[in-house]
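Summary of the model geometry
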Amino acid sequence: MKEGNEMQDLFKKIYRMSIVSSILFLLFGLLLFLQTEAVIKSVSIIMGCILLALGIVPIVNYFKNRVEGFFSGAGLLYGIFSVVAGLIILMNSNILATIIPILSGVWMIVNSVNKIQIAMELRDNKINFWIVTFIFSIIILIGGVFLIVNPLKSVLLLTKTVGIIIVVYAVLDIIDSIVIKVKLKNAVNEIAEIKEVK
């Protein structure tokens, strides 16, 4: 019974994290689809300003302290690189539009691999629903790969497509997480009942 409770507690934590991340992705996908240009510009400004700030600090420190050595020079180079990258992103938001699909794709691939592992665990524990989780995971994996290597050229069309894929991914992930929770809870209860009978 104690093992069953520990298993349920562990899964509850994983379930909450999965649901929260999926809801955030769902909102992000809707924003990308409905407010494409506004999202790209807003994120570009935020990222550009962060990079500028991260770059200005080491540059100021270098000239203020005038310390010689490898680390001081490396800090100056890092500062210059960050400032240049920040300015490029601020002046050309389309660059960010090509980065968003890659980052989203990587996240989806990592998540799908985790889901495939969960599906294999469910299969090993004779829980019939494993095949549905496995199929969802493969769909998410294909979507992630598509985002990374997709052939779309138009920035706006690309970003809207990314938004749709992210929304679909988030909905599938939420449904999958809820169903896994229900099935796993039933399986734990059945195991507990069998142990009590014994």
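Below is a short write-up of the structure. As the structure is a computational prediction, the values presented were derived from the model and not from experiment.

Calculation notes
Throughout, a residue's number is its position along its own chain's written sequence, starting from 1. Totals for whole chains, interfaces and linings use every residue, but because this is a predicted model, local features are given only for residues with pLDDT of at least 70 and side-chain atom pairs only at 80 or more, for both listing and counting. Each side-chain value is derived from all of the structure's non-hydrogen atoms; neither hydrogens nor water enter the calculation. Working definition: helices are DSSP H or I runs of at least four residues, strands are E runs of at least two. Numbering for both runs from the N terminus. Remark: exposure states derive from per-residue accessible area (1.4 Å probe, protein chains only) relative to the maximum for the residue type, with buried under 20%, exposed over 50%, and partly exposed in between. Whether two residues touch is decided by their heavy atoms; if any such pair falls within 4.5 Å, the residues are in contact. Only residues whose relative accessible area exceeds 30% and that form no salt bridge are eligible for patches; like-charged ones are grouped when within 9 Å, while nonpolar side chains (Val, Leu, Ile, Met, Phe, Trp, Tyr) are grouped when within 5 Å. All accessible areas in this document rest on Shrake-Rupley with a 1.4 Å probe, and a residue is counted as covered only by the protein chains that are shown. Take a side-chain nitrogen of Lys or Arg and a carboxyl oxygen of Asp or Glu: if they are within 4 Å of each other, that pair is a salt bridge. Charged residues are defined here as Lys and Arg on the positive side and Asp and Glu on the negative side; His and the ends of the chain fall outside this count. Taken as the charge location is NZ of Lys, CZ of Arg, CG of Asp or CD of Glu. A helix is expected to span 1.5 Å multiplied by its residue count minus one. To be clear, the arc concerns the directions from the helix axis to the C-beta atoms.

**Re the overall build of the protein**
Within the protein, the secondary structure is distributed over six helices and zero strands. Reading the helices (α) and strands (β) of the protein from amino to carboxyl end gives α-α-α-α-α-α. The burial tally for the protein puts 34% of its 198 residues in the buried class. Looking at the protein alone, contacts between residues at least 24 apart form 80% of all its contacts between residues at least 6 apart.

**What to know about the side chain of S137**
With respect to the secondary-structure elements, S137 resides in helix α5 (residues 130–149). Residue class for S137 comes out buried when judged on its relative accessible area of 1%. Beyond its immediate chain neighbours, meaning those up to four positions away, S137 contacts S112, K115 and I116.

**Considerations on the environment of I165**
Of note, I165 is situated in helix α6 (residues 155–197). Along the chain, I165 and L147 lie 18 residues apart, while their C-alpha atoms are 8.4 Å from each other. Setting aside residues up to four positions removed in sequence, I165 forms contacts with M108, G143, F146 and L147.

**Looking at a positive patch on the surface**
Together, K13, R16, K181 and K185 line one region of the surface with positive charge. For the positive patch, the elements supplying multiple residues, two or more each, are α1 (2–34) and α6.

**A look at α5**
Note on helix geometry: an α-helix contains 3.6 residues per turn, so any two residues three or four positions apart are oriented the same way. Helix length check: α5 (20 residues) gives 29 Å between terminal C-alpha atoms against 28 Å at 1.5 Å per residue, within 8%. Taken residue by residue, α5 has T133, F136, S137, I140, G143, G144 and L147 as its buried positions. Here the buried residues of α5 occupy an arc of 125° about the axis, which is enough to place them on one side. Facing away from the buried side of α5 by over 90 degrees, the exposed positions are I142 and V149.

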